[in-house]
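# Commentary on secondary and tertiary structure
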Amino acid sequence: MTGWIVSLFLFYKIANPNLVLFLGRLNFFFSILLSSSVFVFVYFFPKIIWKFPSGIYWLAGAENIFLLLITLFTPLIDKAELIDGAARSTVYGNLYLWFVIHFLGYIFLSCYLLLRKIGHLNNVEKGQVKFVLFGILLGVAFGSSTNIIIPLIFNYYDAQNLGILSAIIFAAFAFLSISKHRFLNLQIVATHVVTFLIWSLLILDLFLPATKNLLFLDILVLFLMVSFGVILLRNVVHEVSQKQQLEELTKKLHDLDQQKNEFISMAAHELRAPMTAIKGYISMILEGDVGNIPPKAREYLVDVNSINDRMVRLVNNMLNVSRIEEGRMSFQFEKDELSRVIRTVYSQFLPEANRKGLDYKVQIPSDIKDKVYADVDKLHEVVGNLISNAIKYTEKGHVYVRLVQPSEGIIRFEVEDTGPGITKEEQEKLFQKFYRVESNVGKTTGTGLGLYISRLMIEKFNGKIGVDSDPGKGSVFWFELPVQQN
Ligand code: ADP
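Residues numbered from 1 in each chain as written. Predicted model: local features only at pLDDT ≥ 70, side-chain atom pairs only at ≥ 80, totals over all residues. Heavy atoms only, no water.

## Looking at the nonpolar core
Of all hydrophobic cores here, the largest spans 55 residues; its most connected members are Leu338, Tyr360, Leu379, Ile387, Phe413, Leu430 and Phe479. For this core, the leading source of residues is helix α12 (residues 376-393), giving eight residues. Filtering out sequence-adjacent residues up to four positions away, Ile387 remains in contact with Val345, Tyr346, Phe349, Tyr360, Val401, Phe413 and Val415. Among the nonpolar cores identified, the runner-up in size contains 40 residues, and Val20, Val38, Leu72 and Ile77 belong to it. (Core = buried A, V, L, I, M, F, W, Y, C linked by side-chain atoms within 4.5 Å. Buried < 20%, exposed > 50% of the residue type's maximum accessible area, 1.4 Å probe, protein only. Helix = DSSP H or I, 4+ residues; strand = E, 2+ residues; numbered from the N terminus. Contact = heavy atoms within 4.5 Å.)

Okay, here's the thing in structure tokens:
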């Protein structure tokens, strides 16, 4: 296109008859190249949908080369250019029709191919192709009117002056596709354009008379610029393609993460219903709804109950994670006494603590101010997570559950155990998602979700959560909440 514009421009500017004829033929030459290369472009972009038998390629190649040669070196297409001041008129050669058929044929074939392709493309590609198609159509319609049809039919050659506009139309639409639909990468296009401009200027400079003395230096500069340019172009292309790959991978990862969350959420939901039913039946049996049961059976049932509770807690944590992360978690805030929550949860764990032979106690001062504003069900879950961990990770010794009042407006819940304890480095990571202490992994089962969920919830209630621990001696897990005035 650049060749076509430059030759057309010079064609009108130069008065030397020999040169004008050469420029006229050069302009035909570039028109031929332009039409075939538009087709090549459309053929490959954005993907090939048609494959021609290889004979066709050879035939088309031969036709192009032959037409290009006779255009440039014989009077068969452009016989002569008549000069009348600024105006030029072409005397067409005997095979001029061949040129017209070639040019229009390739352009129409390109448009047809693009139209056919649209059905095979995704939405983004469709947007890009539509712009390019429209640009080609408009540009070519305009260009062939001004440069072929109007001169041929009306014998009016001045219209050719406007031909250059068709290139601008095409360029504008290509630019729209690039910028709006990421048809080509702007960074790459800009680098190419700037590099080629520098090269062209340097090459042009070689032919200027003033350059003669410094020819060696000029060639050296050109050589360096070409080398640097090639390196630059390669790097930019490489970087851009890496960036695109990264973007695609990130998106894929995001989708996978989404699918995983949906799966966990669905599986957890399905698991919870039967567990609730089991809990109901066990409670009924334990409460004597089916008559007396032998003491041993009662003991086992109590164990089954606490195991079931553990599974419910685990499933709840899994459900909570996806809910919180997707912002679907709803909280029912109300004022309630924290001590009531503690007592209920404490007694749920009595059987388990007894089974492990732990010294398991609760200490709640009678005059404590413990009214908090929070979602009570969620508080149950948090306290359950902390007590359950203390019992799970403590083999012998004690687990003490207590409420203390560090200051007027604050109530603090603590679970003290004589378990393995946790090192300082691990304490910092403990409340992160999926984190499990290395030395415990393998010994106990767990998901590493309980503390993460508990932290998110306590933060939602404007509180703080933490742990103080000495490895080898035990840990105190705690949370603090603001106290409400009645
Ligand atoms: P889970 O218990 O399912 O692994 P949590 O989030 O509740 O997940 O706990 C995270 C990790 O913190 C546990 O894997 C365990 O290593 C450690 N941990 C929690 N509570 C205690 C405790 N009382 N004593 C020692 N380690 C604990």
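## A word on helix α1 (residues 2-13)
Over its 12 residues, α1 extends 17 Å from the first C-alpha to the last, a length consistent with the 16 Å expected when each residue adds 1.5 Å. Every buried residue belonging to α1 is among Trp4, Ser7, Leu8, Phe11 and Tyr12, and all of these are buried. Down the axis of α1, the buried set is contained in an arc of 130 degrees. They therefore lie on one face. Away from its buried face by more than 90 degrees, α1 exposes Thr2 and Lys13. (Expected span 1.5 Å × (residues − 1). Arc of directions from axis to C-beta.)

## Quick notes on the sheet that holds strand β7 (residues 410-417)
Reading across from one edge, β4-β6-β7-β9-β8 is the order of the five strands in this open sheet, with mixed pairing throughout. Each edge of the open sheet is held by one strand with a lone partner, namely β4 (359-363) and β8 (464-470). Neighbouring strand axes in the sheet, compared pairwise and without regard to direction, differ in orientation by 20 degrees on average. On top of the sheet, α12 reaches β4, β6 (398-407), β7 and β9 (474-482); it is set at about 25 degrees to β7, its chief contact. (Pairing = 2+ DSSP bridges. Axes fitted to C-alpha atoms, helices over the stretch in contact; angles between N-to-C directions.)

## A few points about the pattern of salt bridges
Using the criterion set out here, one finds 17 salt bridges in the structure. The salt bridge involving Lys356 is made with Glu395; its shortest N-O contact spans 3.7 Å. Here Lys356, found in the loop between α11 (350-355) and β4, pairs with Glu395, found in the loop between α12 and β6; they are 39 residues apart in sequence, far enough to count as distant. On the basis of relative accessibility, which here comes to 27%, the residue Lys356 falls in the partly exposed class. Its relative accessible area of 58% is what places Glu395 among the exposed residues. In this structure, Asp359 engages Lys361 in a salt bridge whose closest nitrogen and oxygen atoms are separated by 3.1 Å. On the basis of relative accessibility, which here comes to 39%, the residue Lys361 falls in the partly exposed class. (Salt bridge = Lys/Arg side-chain N within 4 Å of Asp/Glu carboxyl O.)

## Considering the site of the ligand
In the vicinity of the ligand lie 20 residues, with Asn389, Asp417, Arg436, Asn440 and Leu451 positioned nearest. Between Lys392 and the ligand, the recorded distance is 3.3 Å, taken from a side-chain N or O atom to an oxygen atom. Note that an oxygen atom of the ligand is positioned 3.1 Å from one of the backbone N or O atoms of Gly448. A total of 540 Å² of accessible area belongs to the ligand in isolation, and the protein chains cover 97% of it. Looking at the shell around the ligand, the elements with two or more residues in it are α12, α14 (450-460) and β9. When residues in the shell around the ligand are grouped by element, the largest group, four residues, is from α12. Per-class residue counts for the shell around the ligand are 10 nonpolar, seven polar and three charged. (Near = heavy atom within 4 Å. Polar contact = N/O pair within 3.5 Å; in protein donor to acceptor, adjacent residues only side chain to side chain. Areas by Shrake-Rupley, 256 points an atom, 1.4 Å probe, with all protein chains shown as cover. Nonpolar A, V, L, I, M, F, W, Y, C, P; charged D, E, K, R; others polar.)

Coordinates in, geometry out; function isn't part of it.
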